[in-house]
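Survey of secondary and tertiary structure
Next come the chains, spelled out residue by residue.
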2 protein chains.
Amino acid sequence: MSGEFDLIAKYFSPLAAGVQGAFGLKDDVAAIAAGDLAVTKDLLVEGVHFRSRDPKECIARKALRVNLSDLAAKGARPFGYFLGCVWPAGVKESAIAEFAGGLRLDQDLFKIALFGGDTTAHVQKGAPLTVSVTMIGLQGPAGVIPRAGAQAGDDVYVSGTIGDAGLGLAALEGEFKLSPAHKAFLADRYRLPSPRLSLGGALSGHANSAIDVSDGLIADARHIATQSGVTIEIGAEKIPLSAPAKAWLGSLGDFESGIGRLATSGDDYEILFTAPSSRRRSIEMASQASKTAITRIGSVARGAGVKLITANGTEIAVAKGGFDHFGD
Amino acid sequence: MSGEFDLIAKYFSPLAAGVQGAFGLKDDVAAIAAGDLAVTKDLLVEGVHFRSRDPKECIARKALRVNLSDLAAKGARPFGYFLGCVWPAGVKESAIAEFAGGLRLDQDLFKIALFGGDTTAHVQKGAPLTVSVTMIGLQGPAGVIPRAGAQAGDDVYVSGTIGDAGLGLAALEGEFKLSPAHKAFLADRYRLPSPRLSLGGALSGHANSAIDVSDGLIADARHIATQSGVTIEIGAEKIPLSAPAKAWLGSLGDFESGIGRLATSGDDYEILFTAPSSRRRSIEMASQASKTAITRIGSVARGAGVKLITANGTEIAVAKGGFDHFGD
């Protein structure tokens, strides 16, 4: 294994090549000349946010994408990131190389660059890989789309499909058996989320509030409801589902408990947002311009909390609205 | 133990109270309206960068200070930070409260605010506390002081005293016995570095190159030498030492090996910098204005590498110039 500085020079400095202000990762800070920035920071921990057996390339890409998703939901345009890694004791250089390869793929895909960071290793045997990313972007022309802006009367929308990642994780953990094609699709949705950057940018100036769905649709709707001081009602049958999720739900034979599970499983990384109903045409155009499917799933009213309601008016009880790392 | 969002609301949101663009830590991103920024990110891992028994308050403050030190060395003025914590499984709420108390102390002391971040917990029993900080500041009027700017003919200076933190750690680990007062002084230097922010700001526009001493005086001098394409010669007797370090060195009875150890132990968080000898008056004024002691310890010449030389011309062999997390 090479030393720390060799590893940085070999695998990480190339990811910052030619980036003004990154100093080739050879200085203590990055110097960013910029206007109004949007910044986010998300940590991923082995065993918590990804599985030990997940390919390193996927872990790297997911670490970038969950942060990109935060910026997407706020209508911001990412341009660079800082990376902190704590590797397991005795990590093989090939693992770091594979990880850096994943970063490179997504840097090219999302047009972002590495500006700096920190690479270290655990001394404790078996301690988990931990990846910390701080992602920096430029705010949209109307500023960031807040969580706290939902208004009574707003429509509620979500991009893409909901519940795939949770099913993918459960399938990987062997909870149930799916066709190989469905399992592969859902596992991919778990391992490699698609940050909705184009949609987020197009929503800037139109959406009143937005959040990316990481804790689960209901839990994240609750964040908007709480911050905005409103209630959000979501139609259970309106929640967009992928074909594999529909197949799973059909085979389950219990719509209410199935949709409840899909709406409370995390890691979707879709955008949940609200907009005035007078803006339906603009929202439709934002979806078309960004080539990103969206679905109108509910509405905002005065009050508090989130309700998941079936077409015949039954409220589906949702015991717990999302994963909590410290919950009892 | 409260849940994740309760913990954030109780301990961390108050640290972001009233901060424009931090949204009370209740949104996905922070929005920073700013000019030319300097950004740095350093991770601290239990067992690597701090001891398991260190008070949580100290760990929090050290995590901020090692990042503040990076900005100090670059002449930048910090204004805010992002925090990522991975707590051990089953962490007690009192530990988080104590940690947040440490953050508050140093926020007030250094006039910085929390802008956002991520709080999570290990699922694996015994996995170490990991703290990731991204610190954001404004560049000085002359931009950041680079590592790569040292010129042949420059003087080499260092602030404060060298080797205290390494001795403090060794004393805490029981490697040798010191008087209680000396042990307390050195342990404090290890646990709670003093970022030299005033000095760094005053050096902007005067120093040609700078770095904060985290890997060790010789290792960090080597970073400057390598990035600048020069050689740096340091006078062994000129290295500034605290009274407890002098006492330890005297009791050791072997100046060369003792000073070699002090010059290669890490965690000093002093500023090592170079400046043209024509600027000696300005550098002296920067020291006085910032009330920070500095010592001229060497000079820059054409060539490569770093030499530690005694007054009678002997070169002290330094086997390894700093701690490497991946070294063999």
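Use the structure listed above.
First, a word on scope: everything that follows refers to the structure included in this document. (Residues numbered from 1 in each chain as written. Chains lettered and ligands numbered in written order. Predicted model: local features only at pLDDT ≥ 70, side-chain atom pairs only at ≥ 80, totals over all residues. Heavy atoms only, no water.)

Looking only at helices and strands, one finds 10 helices and 11 strands in chain A. Reported as C-alpha extents along the three principal axes, the dimensions of chain A are approximately 65 × 45 × 35 Å. By the burial criterion, 62% of the 328 residues in chain A qualify as buried. Long-range contacts, defined as pairs at least 24 residues apart, comprise 84% of the intrachain contacts of chain A with a sequence gap of at least 6. Here chain A displays about 12300 Å² of accessible surface, and carbon together with sulfur accounts for 50% of that area. Of the side-chain charges in chain A, 33 are positive and 35 negative, and the distance between the mean point of each set is 4 Å. (Helix = DSSP H or I, 4+ residues; strand = E, 2+ residues; numbered from the N terminus. Buried < 20%, exposed > 50% of the residue type's maximum accessible area, 1.4 Å probe, protein only. Contact = heavy atoms within 4.5 Å. Areas by Shrake-Rupley, 256 points an atom, 1.4 Å probe, with all protein chains shown as cover. Lys, Arg positive; Asp, Glu negative; His and termini not counted. Charge placed at Lys NZ, Arg CZ, Asp CG, Glu CD.)

The next thing to look at is the relation of the copies chain A and chain B. Rotating chain A by 180° about the axis while translating it 0.0 Å along that axis superimposes it on chain B, leaving an RMSD of 0.0 Å. Read as a symmetry element, the transformation amounts to a two-fold axis. Nearest to the rotation axis, the C-alpha of Ala127(A) is located 2.6 Å from it, this being the minimum over chain A. Interface overlap between copies is the fraction of interface residues in one copy that are interface residues in the other; for chain A against chain B it reaches 100%, indicating a shared surface. (Least-squares fit on C-alpha atoms with pLDDT ≥ 70 in both.)

What follows concerns the sheet that holds strand β6 (residues 154–159) of chain B. All names here are of chain B. Overall, mixed pairing links the six strands, which are arranged β7-β9-β6-β10-β8-β11 in an open sheet. With partners counted over all chains shown, the strands left at the sheet margins are β7 (209–212) and β11 (305–309), one partner each. When strand polarity is set aside, the average angle formed by the axes of neighbouring strands in this sheet is 25°. Where β6 meets strand β10 (residues 294–302), five bridges bridge the pair, whose relative direction is antiparallel. Bridged to Asp155 within β10 is Ser299. (Pairing = 2+ DSSP bridges. Axes fitted to C-alpha atoms, helices over the stretch in contact; angles between N-to-C directions.)

This part covers the sheet that holds strand β4 (residues 113–121) of chain B. In a beta sheet, neighbouring strands are held together by backbone hydrogen bonds and run either parallel or antiparallel to one another. In space, the five strands of this open sheet follow the order β1(A)-β2(B)-β5(B)-β3(B)-β4(B), with mixed pairing throughout. The open sheet is flanked by β1 (30–33) of chain A together with β4 of chain B, the only strands paired with a single partner. Going across the sheet, the axis of each strand differs from the next one's by a mean of 20°, ignoring polarity. Here helix α2 (residues 56–73) of chain B sits on the sheet in contact with β2 (36–45), β3 (77–87) and β5 (130–138) of chain B, set at roughly 140° to β2(B).

A few words on the nonpolar core. In this structure, Phe12(A) and Phe12(B) are the most contacted members of the largest nonpolar core, which totals 134 residues. Ignoring any residue separated from it by four or fewer positions in sequence, one finds Phe12(A) in contact with Leu7(A), Leu25(A), Leu83(A), Ile96(A), Phe99(A), Ala100(A), Leu103(A), Leu114(A) and Thr119(A). Counting residues in each nonpolar core, the second largest holds 35 residues, with Val156(A), Phe176(A), Ala236(A) and Ile259(A) among its members. (Core = buried A, V, L, I, M, F, W, Y, C linked by side-chain atoms within 4.5 Å.)

Before going further, it helps to examine unusual backbone geometry. Unlike most non-glycine residues, Asp267(A) shows phi in positive territory, near 70°. Along the polypeptide, Asp267(A) turns up in the loop between α9 (255–262) and β9 (271–276). For Lys291(B), which is not glycine, the phi torsion reads 50° and is therefore positive. Among the secondary structure elements, Lys291(B) is positioned in the loop between α10 (280–289) and β10. Look at Lys291(B) and you get exposed, because its relative accessible area is 77%.

Listed per partner, the contact involves 72 residues of chain A and 72 residues of chain B. Here chain A and chain B share an interface that buries about 5400 Å² over both sides, 58% of which is from carbon and sulfur atoms. Area buried by chain A at its contact with chain B is led by Asp28(A), Lys41(A) and Phe326(A), which between them contribute 16% of it. At the surface where chain A touches chain B, the tally comes to seven salt bridges. One salt bridge connects Arg147(B) with Asp28(A), and the closest N-O pair in it is separated by 2.9 Å. Joining chain A to chain B, the criterion identifies 26 residue pairs in polar contact (both at pLDDT 80 or more). Considering each element in turn, the side of chain A that touches chain B owes the most residues, nine residues, to strand β2 (residues 36–45) of chain A. Classifying every residue of the side of chain A that touches chain B gives 36 nonpolar, 21 polar and 15 charged. (Buried area = accessible area lost by both parts, 1.4 Å probe. Salt bridge = Lys/Arg side-chain N within 4 Å of Asp/Glu carboxyl O. Polar contact = N/O pair within 3.5 Å; in protein donor to acceptor, adjacent residues only side chain to side chain. Nonpolar A, V, L, I, M, F, W, Y, C, P; charged D, E, K, R; others polar.)

Burial analysis of strand β4 (residues 113–121) of chain A places eight of its nine residues in the buried class, which makes it a mostly covered element. With helix α3 (residues 93–110) of chain A bridging strand β3 (residues 77–87) of chain A and its parallel neighbour β4(A), the resulting β-α-β unit is right-handed. (Right-handed = clockwise from strand over helix to strand, strands pointing away.)

So, on to the state of the cysteines. The final tally for this structure, using the stated rule, is zero disulfides over all chains. Looking at Cys58(A), it has no disulfide partner, and the nearest cysteine sulfur is the one in Cys85(A), 15 Å off. (Disulfide = S-S within 2.5 Å.)

We now examine the packing of aromatic side chains. Following the criterion strictly, the structure yields 10 aromatic pairs over all chains and no others. Look at Phe79(A) and Phe115(A): their rings are 5.9 Å apart centre to centre, the planes differ by 80°, and that puts the pair in the edge-to-face class. Within this pair, whereas Phe79(A) is found in strand β3, its partner Phe115(A) is found in strand β4, the two being separated by 36 residues in sequence. When its relative accessible area of 22% is taken as the criterion, Phe79(A) is described as partly exposed. The buried category is assigned to Phe115(A), whose relative accessible area is 7%. Here Tyr157(B) and Phe273(B) contribute two aromatic rings whose centre-to-centre distance is 5.0 Å and whose plane-to-plane angle is 10°, an arrangement assigned as stacked. Highlighted residues: Tyr157(B) in strand β6 and Phe273(B) in strand β9 (residues 271–276), separated in sequence by 116 residues. A residue is classified by how much of its surface remains accessible, and Phe273(B), at 0% relative accessible area, is buried. Site record: aromatic cluster; members linked through ring pairs are Phe79(A), Phe82(A) and Phe115(A). Of note, Lys62(A) hangs over the ring of Tyr190(A), and the distance from its end group to the ring centre comes to 3.9 Å. (Phe/Tyr/Trp six-rings, centres within 6.5 Å; stacked < 30°, edge-to-face > 60°. Lys NZ or Arg CZ within 6 Å of the ring centre and 35° of its normal.)

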